[in-house]
Each structure stands twice: as C-alpha cells, then as structure tokens.
Amino acid sequence: MTMFLVRTATRTAVRTNSCRSFCVSHTHLSDRKGLVLGVFEKKEEEEEGTLHLTEAAAGFDKSLSGKLSELLKLSGPALKNGKSRVFYGLHKDFPCVAVVGLGKNNAGVCGTENWDTSKENIRQAVSAGCRLLQDLEVSHVEVDSCGDAQSAAEGTVLGLFQYDQLKSKKKTKVTTQLHGSADVVGWEKGVMYGEGQNLARLLMEAPANHITPTAFAKTIEEKLAPHADRVTIHKRPQAWIEEQQMGAFLSVSKGSEEPPVFLELHYNGSPDSKQPPLLLVGKGITFDSGGISLKPSASMDAMRADMGGAATVCASIVTAASLKLPVNIIGLAPLCENMPSGKATKPGDVVRAKNGKTIQVDNTDAEGRLILADALCYGHVFNPRAIVNVATLTGAMDVALGSAAAGVFTNSDWLWEQLHRASVVTGDRVWRMPLFQHYTKQVTDSQLADLNNVGKYSRSGGACTAAAFLREFVKAPHWAHLDIAGVMSNKDEIPYLRKGMSGRPTRTLVEFAAGLAHNG
C-alpha cells in the first residue's frame, strides 16, 4: 500500500517534457514563478541512483525534506547532460521546477574540444530548462548558478531569445533572476554577454527591408545612447565616402537605391585617453544578391545576414560599453547593399581602392573583401594596437569548418593566442587558418589590375585567397581576419541557440576585448 502511494505521488508530481502544465494551485502559471536547478552526473565508481545536486538544488531539496531528490530517483533514469525534467506542485512559490543535467562536475577545459566543457554544459542545460518553462508559459524564472553564474546567465539569455517581432503570436516573455547564489556580479556580466549576442542576432535575423544601411546605423546609435559619455558615433554619408576615395566600397554600393553608410564608433573606456585603440572592422552588406554575378534564388533570403560581421562588431562595442571595459575600441562598419542594376559594377570592371591599388572585379559576388579593403586602409590612421576584421566572407569557410568554429587568418601569433584564449572561455570557438604567400600569388596575378578579387584558381582555397586579398590592405603587425560564414546561422548545432541567425562570435570578441583591457 505504501509503495502504491509513492508511485501515485510520483506520477502526480512529475511529467515528461511533452506534457502541459499542472499545478495544485489555481493561480495561472503566468502569474507564478518557475525554478531551474542543476544536477551532476554520478561518478563511474558510484552506485546507480547516487545524486550530486548543485548547492542551490541541495538547499531547495533540504527545504522540502528531501522530496526533490526522492522524486528524481523515482521518476526515471539519471539525467544526462542537457536533459531536463519538470516537477509540479513541489513548492508554493514555484509551481514548476525544472531540473537539468549538467554532465560531469568540474569537467574543465578540454584540449581536444578547445573549450571549457563545464561552462558549455551549464549554458546548454540552463537554456534547456528555461525554454521548457517558457513553453509552459511561466513568465518569471529563477535560475541556479550551477557553480558558474556567468555561464548560467549566458545560457538563460541566449536560450530564451526568439525573433518574433513581426509575428502576431509571440513566445511568452520571461524575466529571470539568479537563485541561491551571491554571485550577482557574475550573473549580470553573463546577462550582458548574452544580450550582446542577442543584439547581433536581432540585426542579422531582421528582414533586409527593415535593416537597411541607414536603419542599421540608427539602431546602433540608439543602443549606444545610454553610454554617450564614453562613445562617439559618426554616420558617414556617401559624400564623405567619396571624399575618402573609397572606390572599392562605392563600386559595391552603387548598384542599390539604398545609400551607403560608413559607421564609425569610438568607445573611450580607458583612463588613458592616449592608449592605442583596438580596431574592429565588420563587413556590413545588409543584403547580398551577388550583384550582376547573381546568386541562385534558393536560400538567397539568408543573405539578409551578410552584415553579420558589422552586427557582431557593433554589438560587441555596445556590450563593452555596458560592461564599462577599461579599453579604447574603434569600430568601423561599411554598410551597403549589393544589388544588380544598370549602375552596378560589371564583371571585369577595374576599381581603385583607398590606398591606390587597382582591383579587377571578376566576380561581383566577392564584394565583402572590397568594402573591407577600404575600411582597413582607413583604420590605419588611428594607429591601433591591433586590428580584427570580421566578415561572413566566403562559402569556402563554411565548407572547411562548418559551424564548429570561425576561421582566423592572422599575421600575429600574439593576436591569435588572445583570440583563442577568449574563445575557450566563451565556447564560441575559433580555428587558425593558413595565410601563405601561396595564396597571395593567386590574387596578385591579375590581367588588368594590381589585384583580382577572386583567386586565379577559382574556388580552390577560396577562404584563404580572400584572406590573402585583405592582407594587401594591411600594414599593421597585429591583424586578424575572422571569416564567420560557417557560423552565421544555427540549425541545431549549438543547443542553447534556437534555429536562426546566431550572432556569433560576439561573446568571443567581447571576451577578447576584456582580456586586452585587463592583461594589456
């Protein structure tokens, strides 16, 4: 009889993820709180049924006289990494409690995976729990830090993001807060990191008729308005671009009816105003049709996110300002559309870049390198300590690395180490690619001009020849080019990001800038 009662109580208290909400209270769930708690996997030598609750989960369990741990053991097998289970009616303040699997405790940095496994497990698990409660229309969720409040906050904020601005039916808006931990500073930092990436996702996901070059610049201006004491914004019009003799940039923009904008952001965070700035440059093609070298129509809509470089660069500066990082950063974003028209650049045309070099444009769909060339030339006037440009530049990069990591081409071992270290912390990985003279020869061998905007062997090593082309416009000793074409969108590869544009690698850029700020 006792066993029957226990089983009945278990069935009442727990439901699988597919069930709708149930609560002993008559108050609607949207008016009440949800709670996300973590549990680690047992060690190999331990017996089945051994539980390792997080500190917050153990405290909650103690307040219930062990009822949570009892139900966890009775309700099914031990929770694996990233899996979740919901319990109802356990606590008067929390009608729904999601318990999430965190994998092994203290997993730490994995040299093979090039990330901190513990941090990634927390992001993945917490996001799963928060989404589960969001699907149950719970509007306020308290979240266990799981031993790392920043990672928990990142998983929460990134996991709950959904681009539904243009839909009538929207996801439940969920407010969140830290539960059972004093590390409020770490939580708030994680929230800002997550919101920064979500800003990039918002810009990349929005339709191209909503995010034109002008609208993009206005959005960033609005986001930076609260930091006006530390930030200067210049929205350079076409007349200024012409004065600067940015012929490569103008050759791309002239096919569109939308006017180009050269967005220039100055974040002055360092107490030393004379500190050389970090220069971030982002490709800002707000829609890429391919121009006269027209792309196939299938999936062309995704080219609304071809300004992913500009989105991540600008979002990282907004985040740096929110964090008040003690570092000077300058962001440059050449913004335009690449469209076919009677005014558009034609294959075989020759244009002149800001540094005087001539470029034979054999493929108008290799336009990102053209607008970056002029931006890189201009950026040298600030004598930066390092230059990092970011661009959804080549399909070849996607072929090479897929969505696992952004490709990094750099002339600086020091800069590579800084970027790589940052990516291990954020889990948004980077991988070093070759910048051989082998590839330079393929873009400098041009029939009509100093350079060709495509390699002489066409698609072979396409990401590498694109990087070699950009190098022709760089004189700085510390420069890196991040090709983010492969990480532009997410299907289901990154569990804590929903399907759609990813906003990657915003958090890695922020962590990189923070590293420079604190370590020099």
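As the structure is a prediction and not an experimental result, all values here were calculated from the model.

What counts as what
- Residues numbered from 1 in each chain as written.
- Predicted model: local features only at pLDDT ≥ 70, side-chain atom pairs only at ≥ 80, totals over all residues.
- Heavy atoms only, no water.
- Buried < 20%, exposed > 50% of the residue type's maximum accessible area, 1.4 Å probe, protein only.
- Helix = DSSP H or I, 4+ residues; strand = E, 2+ residues; numbered from the N terminus.
- Pairing = 2+ DSSP bridges.
- Phe/Tyr/Trp six-rings, centres within 6.5 Å; stacked < 30°, edge-to-face > 60°.
- Salt bridge = Lys/Arg side-chain N within 4 Å of Asp/Glu carboxyl O.
- pLDDT = per-residue confidence, 0-100.
- Contact = heavy atoms within 4.5 Å.
- Lys, Arg positive; Asp, Glu negative; His and termini not counted.
- Arc of directions from axis to C-beta.
- Axes fitted to C-alpha atoms, helices over the stretch in contact; angles between N-to-C directions.
- Parallel < 35°, antiparallel > 145°, perpendicular 65-115°, else oblique.
- Left-handed = near helix turned anticlockwise from the far one by under 90°.
- Nonpolar A, V, L, I, M, F, W, Y, C, P; charged D, E, K, R; others polar.
- Polar contact = N/O pair within 3.5 Å; in protein donor to acceptor, adjacent residues only side chain to side chain.
- Core = buried A, V, L, I, M, F, W, Y, C linked by side-chain atoms within 4.5 Å.

Considerations on the pairing of strand β4 (residues 84-91)
A large share of β4 lies buried, amounting to six of its eight residues. Two elements, β4 and strand β5 (residues 94-101), share six bridges in a ladder whose sense is antiparallel. When the bridges of β5 are listed, Val-86 appears paired with Ala-98. Linking two consecutive strands that pair antiparallel, namely β4 and β5, is a turn of two residues.

Thoughts on the packing of aromatic side chains
As enumerated under the stated definition, the model contains eight aromatic pairs in all. Aromatic pair Trp-240 and Phe-262: ring centres 5.3 Å apart, planes at 40 degrees, arrangement tilted. Remark: Phe-262 occurs in strand β11 (residues 261-268) and Trp-240 occurs in helix α8 (residues 238-243); sequence separation between them is 22 residues. With respect to burial, Trp-240 and Phe-262 carry one shared label: buried. Aromatic rings pair up to connect Trp-240, Phe-249, Phe-262, Tyr-378 and Phe-382 into one cluster.

Description of the sheet that holds strand β15 (residues 349-352)
With mixed pairing, three strands are arranged side by side in an open sheet as β15-β16-β20. Strands at the two margins of the open sheet, each flanked by one partner only, are β15 and β20 (451-452). Alignment of β15 against strand β16 (residues 358-361), held across four bridges, turns out to be antiparallel. The partner of Val-350 across the bridge, within β16, is Gln-360.

A few points about the pattern of salt bridges
Overall, the coordinates contain 23 salt bridges when judged by the stated rule. A salt bridge links Lys-295 to Asp-288; the shortest N-O distance between them is 3.6 Å. On the basis of relative accessibility, which here comes to 2%, the residue Asp-288 falls in the buried class. We note a salt bridge from Lys-491 to Glu-493, for which the minimum N-O separation is 3.3 Å. The class for Lys-491 is exposed, based on a relative accessible area of 57%. When its relative accessible area of 30% is taken as the criterion, Glu-493 is described as partly exposed. One network of salt bridges, with partners in common, ties together Glu-120, Arg-123, Glu-154 and Arg-507.

Comments concerning the confidence of the model for the protein chain
Of all residues in the protein chain, 94% attain a pLDDT of 70 or more, and the chain-wide mean is 93. Confidence drops under pLDDT 50 across residues 1-27; counting only partners more than four residues distant or on other chains, this segment forms 34 contacts.

Observations regarding the side chain of Arg-369
Considering the arrangement of structural elements, one finds Arg-369 in helix α11 (residues 368-379). For Arg-369, which is buried and forms no salt bridge, the nearest opposite charge comes from Asp-483, at a distance of 7.2 Å. Other than its neighbours up to four places away in sequence, Arg-369 contacts Leu-393, Thr-394, Asn-453, Val-454, Ala-466, Phe-469 and Leu-470.

Considerations on helix α2 (residues 55-63)
Among all positions in α2, only Ala-56, Ala-57, Phe-60 and Asp-61 are buried. Down the axis of α2, the smallest arc covering the buried residues is 135 degrees, so these residues share one side. Within α2, the exposed residues directed more than 90 degrees away from the buried face are Glu-55 and Lys-62. Looking at the residues trailing α2, positive phi occurs at Ser-65, about 60 degrees.

Some details on the packing of helix α13 (residues 413-426) against helix α16 (residues 506-519)
The N-to-C vectors of α13 and α16 enclose an angle of 120 degrees; their axes lie 8 Å apart at closest approach. Comparing their axes, α16 and α13 come out oblique. In this structure, α13 meets α16 at a crossing whose hand is right-handed. On α16, the residues that touch Trp-414, Leu-415, Gln-418, Leu-419, Ala-422, Ser-423, Val-425 and Thr-426 of α13 are Arg-507, Thr-508, Glu-511, Phe-512 and Leu-516. For the contact of α13 with α16, the residue count by class is seven nonpolar, four polar and two charged.

Brief notes about the side chain of Ser-289
Tracing the chain through its elements places Ser-289 in the loop between β13 (284-288) and α10 (308-323). From its side chain, Ser-289 meets the backbone nitrogen of Gly-291 in a polar contact 3.1 Å long. The residues touching Ser-289, leaving out its near neighbours within four places in the chain, are Leu-294, Lys-295, Met-300, Asn-338, Met-339 and Pro-340.

Quick word on the nonpolar core
Side chains of a nonpolar character, in soluble globular proteins, are inclined to be buried together. With 65 residues, the main nonpolar core has Phe-216, Leu-263, Tyr-267, Val-388 and Leu-482 as its most contacted residues. Per element, the largest residue contribution to this core is ten residues, and it comes from α10. Those residues in contact with Leu-482 that lie beyond four places of it in its chain are Val-388, Asn-389, Val-390, Ala-391, Gly-407, Val-408, Leu-419, Pro-505 and Leu-509.

Details of unusual backbone geometry
Following Arg-504, the chain continues to Pro-505 via a peptide bond in cis, the omega torsion being 5 degrees. Among the structural elements, Pro-505 can be located in the loop between β23 (500-501) and α16. The phi dihedral of Ser-65 falls on the positive side, at around 60 degrees, and the residue is not glycine. Among the structural elements, Ser-65 can be located in the loop between α2 and α3 (67-74).

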